[in-house]
Amino acid sequence: MRCRKCPKRAVLGLPRHNTAFCGDCLTEFLRTQVQRAIKAQQMFSPEDRILVAVSGGKDSLTLWEILLKLGYRVDALYVDLGIPGYSSRSKEKVEQFAKLVAEPCGSQLTIHTVEEDAGAGIKELANLIKRPTCSACGTIKRYQFNRVAWQNHYDVMATGHNLDDEAARLLGNVLQWQEEYLQKQSPSLPASVEGFAKKVKPLYRMTEREIAAYAVVNRIDYLVEECPMAKGAKMLVYKDALNRLEAESPGTKQRFYWGFLDRQEKSSSVAPSMSEIDQTTLQPCIVCRQPTTAVTCSFCRMMARAKTAVK
Amino acid sequence: MKVHLSHPTRDVVIQGPKRVADIFKELNLIPEAFLIIRGQDLMTEDETVADGDSIEIRPVISGG
Ligand code: SF4
Ligand SMILES: [Zn+2]
Ligand SMILES: [Zn+2]
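Keep in mind the model is a prediction, meaning the values are calculated, not measured.

S.K.: Now, about the overall build of chain B: what can you tell me, with residues and values included?
M.R.: Within chain B one finds one helix and seven strands. The helix and strand sequence of chain B, counted from the amino end, reads β-β-β-α-β-β-β-β. Its C-alpha atoms give chain B a radius of gyration of 11 Å, within 12% of the compact-globule value 11 Å for 64 residues. Expressed along its principal axes, the backbone C-alpha trace of chain B runs to roughly 35 × 25 × 20 Å. Put simply, 51% of the contacts in chain B that link residues at least 6 apart link residues at least 24 apart. In chain B, which carries 7 positive and 11 negative side-chain charges, the distance between the mean positions of the two groups comes to 3 Å.

S.K.: Give me the lowdown on the coordination of the zinc ion (ligand 3), citing residues and values where you can.
M.R.: All names here are of chain A. Taken together, C285 (SG), C288 (SG), C297 (SG) and C300 (SG) make up the full set of protein donors to the zinc ion (ligand 3), lying 2.3 to 2.4 Å away. Bound by four donor atoms, the zinc ion (ligand 3) shows angles of 104 to 114° at the metal and therefore tetrahedral coordination geometry. For the zinc ion (ligand 3), the donor residues sit on a single chain with the sequence spacing C-x2-C-x8-C-x2-C. Linking C288 in the loop between β9 (283–284) and β10 (291–292) with C300 in helix α13 (residues 298–310), this pair joins segments that are 12 residues apart in sequence.

S.K.: Now, about the coordination of the zinc ion (ligand 2): what can you tell me, with residues and values included?
M.R.: Residues and elements named next belong to chain A. For the zinc ion (ligand 2), the protein coordination sphere consists of C3 (SG), C6 (SG), C22 (SG) and C25 (SG), at 2.3 Å. Around the zinc ion (ligand 2), the four donor atoms are arranged such that angles at the metal cover 101 to 119°; this shape is classified as tetrahedral. Each donor residue of the zinc ion (ligand 2) lies on one chain, and together they are spaced C-x2-C-x15-C-x2-C. Each member of the pair, C22 as well as C25, is classed as buried.

S.K.: Give me the lowdown on the nonpolar core, citing residues and values where you can.
M.R.: Note that soluble globular proteins tend to have their nonpolar side chains buried in a common cluster. Residue and element names in this part refer to chain A. Counting 78 residues, the largest nonpolar core has W64 and L67 as its most contacted members. Sort the elements by how many residues they give to this core and helix α1 (residues 23–40) lands first, with seven residues. If you look at the next biggest cluster of nonpolar residues, it comprises 32 residues, including A126, A136, M157 and A197.

S.K.: Please provide a residue-by-residue account of the side chain of N243 of chain A, values included.
M.R.: With respect to the element layout, N243 of chain A can be found in helix α10 (residues 234–248). Residue contacts for N243 of chain A: discarding those within four places in its chain leaves D164 and K253 of chain A together with I30, E32, A33 and I61 of chain B.

S.K.: Hey, could you go over the site of ligand 1 for me, with residue numbers and the actual values?
M.R.: Around ligand 1, the surrounding shell consists of L81, C134, C137, K141, C227, M229 and A230 of chain A. When its residues are assigned to classes, the shell around ligand 1 shows six nonpolar, no polar and one charged.

S.K.: How would you explain the sheet that holds strand β5 (residues 109–113) of chain A if you had to name every residue and give the values?
M.R.: Within a sheet, adjacent strands bond to each other through the backbone by hydrogen bonds, running parallel or antiparallel. Residues and elements named next belong to chain A. Strand order in the open sheet formed by six strands is β5-β4-β3-β6-β8-β7, and the pairing between neighbours is mixed. Each having just a single partner strand, β5 and β7 (188–189) make up the two edges of the open sheet. One ladder, built from six bridges, connects strand β3 (residues 49–54) with strand β4 (residues 73–80); its direction is parallel. Its bridge partner lying in β4, L51 is registered against D75. Sitting on the sheet, helix α3 (residues 86–102) is in contact with β3, β4 and β5, with an inclination near 160° to β4.

S.K.: If you had to explain the environment of R10 of chain B to someone new, which residues and values would you point to?
M.R.: Residues and elements named next belong to chain B. Take R10: it is sitting in strand β2 (residues 10–13). Excluding anything up to four places from it in sequence, R10 contacts V3, H4 and L5. Looking at R10, its side chain comes within polar contact range of the main-chain oxygen of P8, at 2.7 Å.

S.K.: Would you mind going over the packing of helix α7 (residues 163–175) of chain A against helix α11 (residues 252–267) of chain A in detail, with residue names and values included?
M.R.: All names here are of chain A. Running from N to C, α7 and α11 point in directions that differ by 70°, and their axes come no closer than 9 Å. Between α7 and α11, the angle falls in the class roughly perpendicular. Between α7 and α11 lies a crossing of left-handed hand. For the pair formed by α7 and α11, the contact residues are L163, D164, E166, A167, L170 and L171 on the first element and K253, Q254, F256, Y257, W258 and F260 on the second.

Basis of the calculations
Residues numbered from 1 in each chain as written. Chains lettered and ligands numbered in written order. Predicted model: local features only at pLDDT ≥ 70, side-chain atom pairs only at ≥ 80, totals over all residues. Heavy atoms only, no water. Helix = DSSP H or I, 4+ residues; strand = E, 2+ residues; numbered from the N terminus. Rg over C-alpha atoms; globule rule 2.2 N^0.38 Å. Contact = heavy atoms within 4.5 Å. Lys, Arg positive; Asp, Glu negative; His and termini not counted. Charge placed at Lys NZ, Arg CZ, Asp CG, Glu CD. Donors = N, O, S within 2.8 Å, 3.2 Å for Na, K, Ca; no water. Tetrahedral: all angles 85-135°; square planar, octahedral: opposite > 155°, others 65-115°. Buried < 20%, exposed > 50% of the residue type's maximum accessible area, 1.4 Å probe, protein only. Core = buried A, V, L, I, M, F, W, Y, C linked by side-chain atoms within 4.5 Å. Near = heavy atom within 4 Å. Nonpolar A, V, L, I, M, F, W, Y, C, P; charged D, E, K, R; others polar. Pairing = 2+ DSSP bridges. Axes fitted to C-alpha atoms, helices over the stretch in contact; angles between N-to-C directions. Polar contact = N/O pair within 3.5 Å; in protein donor to acceptor, adjacent residues only side chain to side chain. Parallel < 35°, antiparallel > 145°, perpendicular 65-115°, else oblique. Left-handed = near helix turned anticlockwise from the far one by under 90°.

Laid out in structure tokens, this is it:
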């Protein structure tokens, strides 16, 4: 197979675009698509300071690299969850990338260690408060991401969510008719009350396969291994179903998710916007001052429960 | 040829030479969920893997 843009050998076919690219043209394609996403969704400008949440996986490291290559002012946050084996291996990948690629561009890595802060890793914490590990983990990661962005005055928080993630989440939300979640499924959520920075997903136009291919071509050394807690996650079932549909009919995932975004945009002139809803329901947590819909935020409630469980 | 797979990590041996597309079929895998890597290079589905080659079939789907 030849590249459709130049005479070189293709390294990846992209059936959804009915094309194929060599390594250089694939790199160019992804960077252009990310730039297009940033523009189309008005995510940020070259002056904004961006904080990327990195896990050591392909999506977040690729996002960090592309934003650096596009010349944005971007730093990263890694949350060390204290999962035996997996956490040290993922941290090693992140630190290596930071040292070899990011730091030479003047980009900084911040590491938050759950065990230092809470006295236990994520698994023990979740056990203490009798919650599923992934739900406790989600609360902690969201909280620390917000906190670091807020304390260090970042304008924008970016995550590596891709087209497969968003299409799978949309499928899940539609299957359960979780309309309140549908509202929040935009690749660009505005900054709301003080304390929450803007949240963006610049990879929402790219599939996981394209991102992984970019990482391989550009020698981004990421962790292929998955978090051991992820096994059997519902998301994987949805992703698998969507990929089977995609194989039969290339472009299904993008038609599904982008079609949803188009409809959402058309109806947003009538419905109250996310930031309007936020303004009326969010207030500062009485313990830590981060915005919350309750009196005490879910993170502070979780920590209080963990403390009483130890006693 | 030697084929390296992940989740769980294992190696299988398949008779070559064989086209990448046929390897996917033989292992009952959806191409959309994997990359094929020989050495440090990606391979497209129409390319042929020689019997003496070692390849990695790397999953690209993550659970998060
Ligand atoms: S799989 Fe669960 S525990 Fe692991 S990183 Fe994701 S949310 Fe956290
Ligand atoms: Zn090319
Ligand atoms: Zn709080």
